[in-house]
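Architecture and fold: a report
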Amino acid sequence: MVENMSRWLRSVRPSTASDEDWIATPAAAEQLAAVHRRIGPASTAKEQRRSAAPGWVRGRVVRKPRVWLAASGLACAVTIAALISSGGTATPPHGGITETPHLPAIRPAALLLSNYSSCADVLAGLRTHAAASVGSYGWWPDKRTDIRFGIAPLAGRQQLSAGPAATSAAAGDTSTTNVQESGVDEPDLVKTDGGRLITITDGVLRMVDTASRAITGSLDLTMYQGWQNAQLLVGGDHALVTLGGSNNGYNYGSFSNGPAAASGPRSTYLFLDLAGGPKITGSLRAAGSYLDARLIGSTVRLVMSSAPSINLPLGAGSNATRSAANQAVIRQAPLSAWLPQYSITSGQNTTDYTVPCDQVSHPAAYTAASMLTIYTLDLNHLGVSPKPVSVAADGDTVYATSTSLYIASNPNWCCATAAKAQQTEIHRFDITGSGQPTYLGSGGIPGRLLSRYSLSDYAGSLRIATTAGAGGSATQSSSLYILDANTLKVTGRVGGLGKDEQIYAVRFIGPVAYVVTFRRTDPLYVVDLHDPAAPMLVGTLQLTGYSDYLHDAGSGRLIGIGQQASKTGRVSGLQVSLFDVSKPAQPLRTAQVVRSDAPGGPSLDPHAFLYWPPTGLIVTPVQSWRPGQSGKVLVLKVSGTKLNTVGLLANPLAAHSIDDGLGIQRSLIVNATLWTVSGSGVQVSDPATLSRQAWIPFD
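Residues numbered from 1 in each chain as written. Predicted model: local features only at pLDDT ≥ 70, side-chain atom pairs only at ≥ 80, totals over all residues. Heavy atoms only, no water.

1. Things to note about the overall build of the protein chain
The condition is simple: A run of H or I in DSSP becomes a helix once it reaches four residues, and a run of E becomes a strand once it reaches two; helices and strands are each numbered from the N terminus. A simple rule labels every residue: compare its accessible area, found with a 1.4 Å probe on the protein chains alone, to the largest value its type can have, and call it buried under 20%, exposed over 50%, or partly exposed in between. Only heavy atoms enter the contact rule, under which two residues are in contact if any of them lie within 4.5 Å.
Secondary structure assignment for the protein chain yields eight helices and 39 strands. Taking all 699 residues of the protein chain together, 57% fall into the buried category. Within the protein chain, counting contacts between residues at least 6 apart in sequence, those at least 24 apart form 59% of the total.

2. Some points on the sheet that holds strand E28 (residues 546–554)
Note the cut-off: DSSP calls a pair of strands paired once it identifies at least 2 bridges connecting them. Geometry is summarised by axes, namely lines fitted to C-alpha atoms with helices restricted to the contacting stretch, and by angles between N-to-C directions that run from 0 to 180 degrees.
Spatially, four strands are ordered E28-E29-E30-E31 in an open sheet, and the strand pairing comes out antiparallel. Of all strands in the sheet, those bounded by a partner on one side alone are E28 and strand E31 (588–595). Each adjacent strand pair in this sheet contributes to an overall mean axis angle of 20°, direction not counted. In the sheet, strand E30 (residues 571–580) pairs with E31 via seven bridges, with the strands oriented antiparallel. When the sheet's bridge partners are listed, Gln575 is paired in E31 with Val594.

3. Some words on the sheet that holds strand E36 (residues 664–670)
The antiparallel open sheet is built from four strands, whose spatial order is E36-E37-E38-E39. Strands at the two margins of the open sheet, each flanked by one partner only, are E36 and strand E39 (692–697). Averaged over neighbouring strand pairs, the angle between their axes works out to 15° when direction is ignored. When strand E37 (residues 673–678) meets strand E38 (residues 681–685), the two strands line up antiparallel, connected through four bridges. Residue Thr676 lies in a different strand from E38, and its bridge partner there is Gln683.

4. Considerations on the pattern of salt bridges
Formally: A carboxyl oxygen of Asp or Glu within 4 Å of a side-chain nitrogen of Lys or Arg is what we treat as a salt bridge.
Taken as a whole and assessed by the stated rule, the structure comprises nine salt bridges. For the salt bridge of Arg452 with Glu186, the shortest nitrogen-to-oxygen distance reads 3.0 Å. Of this pair, Arg452 sits in the loop between strand E19 (438–446) and strand E20 (455–458) while Glu186 sits in the loop between helix H6 (119–133) and strand E1 (190–192), and the two are 266 residues apart along the sequence. Take Arg452 and Glu186: they sit in the same class, and that class is buried. Here Asp597 and Arg595 are joined by a salt bridge, their closest N and O atoms 3.4 Å apart.

5. Some thoughts on the nonpolar core
Here is the rule we go by: We call a set of buried Ala, Val, Leu, Ile, Met, Phe, Trp, Tyr and Cys residues a nonpolar core when their side-chain atoms join them within 4.5 Å.
Leu126, Trp139, Ile310, Ile330, Leu335 and Trp338 are the most contacted members of the largest nonpolar core, which has 23 residues in total. Among the elements that make up this core, the one with the highest residue count is H6 (five residues). Among the nonpolar cores identified, the runner-up in size contains 21 residues, and Tyr549, Val576, Leu578 and Leu604 belong to it.

6. With respect to the packing of aromatic side chains
The description of an aromatic ring pair uses the distance of the two centres, along with the angle that the planes make with each other. Quick reminder of the rule: Here a Phe, Tyr or Trp ring, Trp counted by its six-membered ring, pairs with any other such ring whose centre lies within 6.5 Å, and the pair is stacked when the planes are under 30 degrees apart, edge-to-face when over 60, and tilted otherwise.
A complete count under the given rule lists 10 aromatic pairs for this structure. Note on Tyr342 and Tyr375: the rings are 5.4 Å apart at their centroids and 75° apart in plane angle, and the pair reads as edge-to-face. In this pair, Tyr342 sits in strand E11 (residues 341–346) while Tyr375 sits in strand E14 (residues 371–378), placing the two residues 33 residues apart along the sequence. When sorted by exposure, Tyr342 lands in the same class as Tyr375, which is buried. Seen from their ring centres, Tyr504 and Phe518 are 5.4 Å apart, and the 75° between their planes marks the pair as edge-to-face. One end of the pair, Tyr504, is in strand E24 (residues 502–509); the other, Phe518, is in strand E25 (residues 512–518), and 14 residues separate them in sequence.

7. Examining helix H8 (residues 319–330)
This is how it is decided: One fewer than the residue count of a helix, multiplied by 1.5 Å, yields its expected span.
Compared with an ideal rise of 1.5 Å per residue, which puts 12 residues at 16 Å, H8 spans 16 Å between its outermost C-alpha atoms and is within 8% of the ideal. Residues of H8 that are buried in the fold lie against H6.

8. Topic: the state of the cysteines
The test is simple: Here, the term disulfide refers to a pair of cysteine sulfur atoms separated by no more than 2.5 Å.
The final tally for this structure, using the stated rule, is one disulfide. Paired by a disulfide, Cys119 and Cys357 hold their sulfur atoms 1.8 Å apart. Taken together, the residues span a long stretch of sequence, with Cys119 in helix H6 and Cys357 in the loop between strand E12 (349–354) and strand E13 (360–361) at a distance of 238 residues.

9. Structural notes on the pairing of strand E16 (residues 397–400)
Taking every second residue as pointing to the same face, both faces of E16 are buried, with Thr397 and Tyr399 on one and Val398 and Ala400 on the other. Pairing of E16 with strand E17 (residues 404–409), which is carried by four bridges, proceeds in the antiparallel orientation. Directly across from Thr397, in E17, lies its bridge partner Ala408. Counting the residues between successive antiparallel strands, the hairpin from E16 to E17 contains three residues.

10. Overview of H6
The end-to-end C-alpha separation of H6 is 21 Å, in line with the 21 Å expected for 15 residues at 1.5 Å each. Taken together, the buried positions of H6 are occupied by Val122, Leu123, Gly125, Leu126, Ala130, Ala131 and Ser133. Elements in contact with the buried residues of H6: H8 and E14.

11. Quick word on the confidence of the model for the protein chain
What counts here: As a per-residue measure, pLDDT reflects the predictor's confidence and takes values from 0 up to 100.
When pLDDT is averaged across the protein chain, the result is 79; 73% of the residues are at 70 or more. A low-confidence stretch, residues 1–29 (pLDDT under 50), is modelled with 39 contacts involving residues beyond four sequence positions or located in other chains. Contacts of residues 141–171 to residues separated by more than four positions or lying in other chains number 152 contacts, the stretch itself having pLDDT below 50.

What follows is the structure, encoded as structure tokens:
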């Protein structure tokens, strides 16, 4: 239908404008804005942003139906045609933006016309853009410029994220993986439904019956490449094991040139049947590097990044000579060099596929040095077509709600200079339902992301926190941007956060953002996001040390996990803080627990953190320089505005073992008991006293 609409739109547009030129004109932006106003009432946006969070205006959310443009068919096309002939007026930009940055113009209407009209058009575009972006040594980081401005998507239904941040609490008395967005599961080492626990440690998948507390099945995964990074997604009696991740991040394509560059990495994903014991029923094997995955219901969105399989020459000569030789090879490369390949194994049968050229899109500006591909799998029907869609763009950070998936990247993270600032680039996809994702558009803002927690989709806005400036320099400063999720256009900004510092933690809770920056001291910033046109910094708390993970404890309380530090910024021990943020203008730290024997170390993996709201239980890993003290978990309890220490908990070592490597890797509440998983086994403890109830060794 989109292709038919595209042909029709080409026929009714002024014949003096080519496709790309018309998309880039201000008239196109105005016409699409008029379409949005006609078909998608925005009167409820302000009410949807109201929250019952403590200290903020309370209000009832009013939901009204919105029209999905792509499903409106001919009636929508007639409306567009009328607007093209009569002209539209764009709504003037809102004021109230603090320290307004210079941002590139938005290029709307990407989906009103097909990105490519034919496979020949796909190839021509990829060759042209790749040749323009390649250098004398291939696609080095300084050549990966990708998108520098946005494309407005179609107006459509928007996901309203839950006001409070997601917690690890599940219905009943069993916890789940600690995820960023409620209802959007993330791959992890351990999954449980209360009746059984499935875990992967040291390359072995095991199933434990929680009633008998016995291992009921196991599966050795070490024969597969990438087993060290294996993780799980589980739904009912079916599971997907991700084995990819050997190149988790930027894929520089022909970075080293030569024959090895043309092969590239491949990632494997195993299909498992858990009924009666784990067994492999098939697999997906795809070209490229695994980035991340999300599970909504039984639908998995698997995100991968691949580079073109082009063997660039290793010739001598000047930079100009080598660049010309590389460009000549690219201009002769076949379409298959870019199109991602994958294979599906079901039982004994393996079938090879290539992403169809009509499933490839692109932003308005791109390098063609990498391809993002989203594969869609149904856990209940693994082995059928994964319905891949690809976008000629780069990405390394995945964030999703139940209806939108965002892939962000920062190509200049390693090479930013005063003349070439860092740029976070965002690509948005509609993942409503269980069908193929739809590419909705792209945008960009200055600065670099900390992690996926730096992004949040809420009430029609995409909120993003970034740090700009070279690491460790006096030029660093952080900002919080609010973008219209429909257009990816900046509507508001709060800048100047943590001058000379960088972001260490971000958490969005409803219409409020909490940002931690650090260099020598730790300011905790509270930012009011109720009005996306005028976000405001309303509270600041200066502390020594920092938090590198923030978690909502409910009732106006915020948990911070990080490090205590001296006034000069020297870290001195693990620090758990409890903040009272019920009065946004006056955030307070009401309690803290510090362990001086556990300084430094990597940032906390959110999946390793447990907060159990019914009892206020906190469980967080502890690594120590003291012999025999690493690999434990610190167990605390939130009681009002206080933190009470329950104790330290360690799993026993396996027989004939003197070391358990990482120690306890995950903690869960299963049927009201505390389960801790390590490489040596699973321990079941009383969460109130930490007394052992059972030990399930991994022999």
